[in-house]
Amino acid sequence: MKTVILWSSANTDGLTAAAKDTFLAGLHEQGIETEDIFLNGLTIRPCLACGNGFGQCLSDGSCVQEDDFAAVYKKLVEADGIVLVTAVYFHDLTEQFKLFIDRLRRCEALRDGDLKGKTCTLVACAGGSGNGAVECLNIMETTVRHMKMTPTDRISITRYNRDYMLPALRSSGARYAQFLTEGGND
Ligand SMILES: Cc1cc2nc3c(=O)[nH]c(=O)nc-3n(C[C@H](O)[C@H](O)[C@H](O)COP(=O)(O)O)c2cc1C
């Protein structure tokens, strides 16, 4: 049973990293194997919208860009559980997360993709005003639903709720682990 946690922030030791580490602790306490993928440390190029707008993503569910995208995509396909954690920028996901998820959606949503039927947990970390956390989660949910994935939980963390939400994230991680162990994806 393996869960991949995909996360993005400009900071490796900020609120987003704390949220990711706390969720991971909840998974680990239930004995789940995890892999932590930091998108800002990878090379992810933008979608080229090749062809007339529908390129290789439509014909075979892959992308022509040669960078780290394909390796991460493969890990998601092989994973039992998926967790997406992003800092909130302008009420949206980070630029790096958007680059990745735009291409992922094309490879998945234009066909019955390999992520279809998988569950995921969504976490948005809005450490400024806290504004836009809900909009960011809404965008995340819309995007994963385009890929026919089902969110189990949608969590927003702000400066205001950090003290009580970080412990809740640990519980959410543990709950997701139990869900997966009980065959939640089936
Ligand atoms: C370009 C940019 C846009 C941001 N937009 C928002 C925002 O819309 N709402 C918010 O609450 N915080 C916003 N922030 C603050 C980030 O959410 C904040 O840095 C947050 O703590 C992210 O987690 P980090 O601690 O991992 O950086 C923004 C930060 C940057 C750099």
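What counts, and at which threshold
Residues numbered from 1 in each chain as written. Predicted model: local features only at pLDDT ≥ 70, side-chain atom pairs only at ≥ 80, totals over all residues. Near = placed C-beta within 6 Å. Helix = DSSP H or I, 4+ residues; strand = E, 2+ residues; numbered from the N terminus. Nonpolar A, V, L, I, M, F, W, Y, C, P; charged D, E, K, R; others polar. Core = buried A, V, L, I, M, F, W, Y, C linked by C-beta atoms within 7 Å. Buried ≥ 20, exposed ≤ 12 C-beta atoms within 10 Å, placed from the backbone. Contact = placed C-beta atoms within 7 Å. Expected span 1.5 Å × (residues − 1). Arc of directions from axis to C-beta. Pairing = 2+ DSSP bridges.

1. Looking at the site of the ligand
No. 1: Of all residues adjacent to the ligand, which total 20 residues, the nearest are Gly14, Thr16, Ala126, Gly127 and Gly128.
No. 2: Residue contributions to the shell around the ligand peak at 3 residues, all from helix α1 (residues 15-29).
No. 3: A class-by-class count of the residues in the shell around the ligand yields 9 nonpolar, 11 polar and no charged.

2. Observations regarding the nonpolar core
No. 1: One finds Phe23, Leu84, Val85, Val123, Ala124 and Cys125 to be the most contacted residues of the largest nonpolar core, which totals 52 residues.
No. 2: For this core, the element with the highest residue contribution is helix α4 (residues 95-109), accounting for 7 residues.
No. 3: In contact with Cys125, other than residues within four places in its own chain, are Leu15, Thr16, Ala19, Val85, Thr86, Ala87, Val88 and Ile157.

3. Some details on helix α6 (residues 162-181)
No. 1: The terminal C-alpha atoms of α6, which comprises 20 residues, lie 28 Å apart, in line with the 28 Å expected from a rise of 1.5 Å per residue.
No. 2: Residues Leu169, Ser172, Gly173, Tyr176, Ala177 and Leu180 constitute the buried set of α6. Burial along α6 is one-sided: seen end-on, the buried residues are contained in an arc of 135°. Exposed and oriented more than 90 degrees from the buried face of α6 are Asp163, Tyr164 and Pro167.
No. 3: The inward-facing, buried residues of α6 contact β1 (2-8), α1, β3 (81-87), β4 (119-126) and β5 (150-158).
No. 4: Of the residues trailing α6, Gly183 is marked for its positive phi of about 85°.

4. Brief notes about the environment of Ile101
No. 1: Note that Ile101 resides in helix α4.
No. 2: Along the chain, Ile101 and Thr143 lie 42 residues apart, while their C-alpha atoms are 7.9 Å from each other.

5. Some details on the pairing of β1
No. 1: With 6 of 7 residues buried, β1 lies mostly within the body of the structure.
No. 2: Sheet analysis places β1 next to strand β2 (residues 33-38), joined by 6 bridges and oriented parallel. Within β2, the position partnered with Ile5 by the bridge is Asp36.
No. 3: With 6 bridges connecting them, β1 and β3 associate as parallel partners. Of the residues in β3, the one forming a bridge with Thr3 is Gly81.

6. A short note on unusual backbone geometry
No. 1: Non-glycine residue Phe90 carries a positive phi angle of around 50°.
No. 2: Note on placement: Phe90 falls in the loop between β3 and α4.
No. 3: Under the C-beta neighbour-count criterion, Phe90 is labelled exposed, with 11 such atoms within 10 Å.

Function cannot be read off these values alone, since they describe shape.
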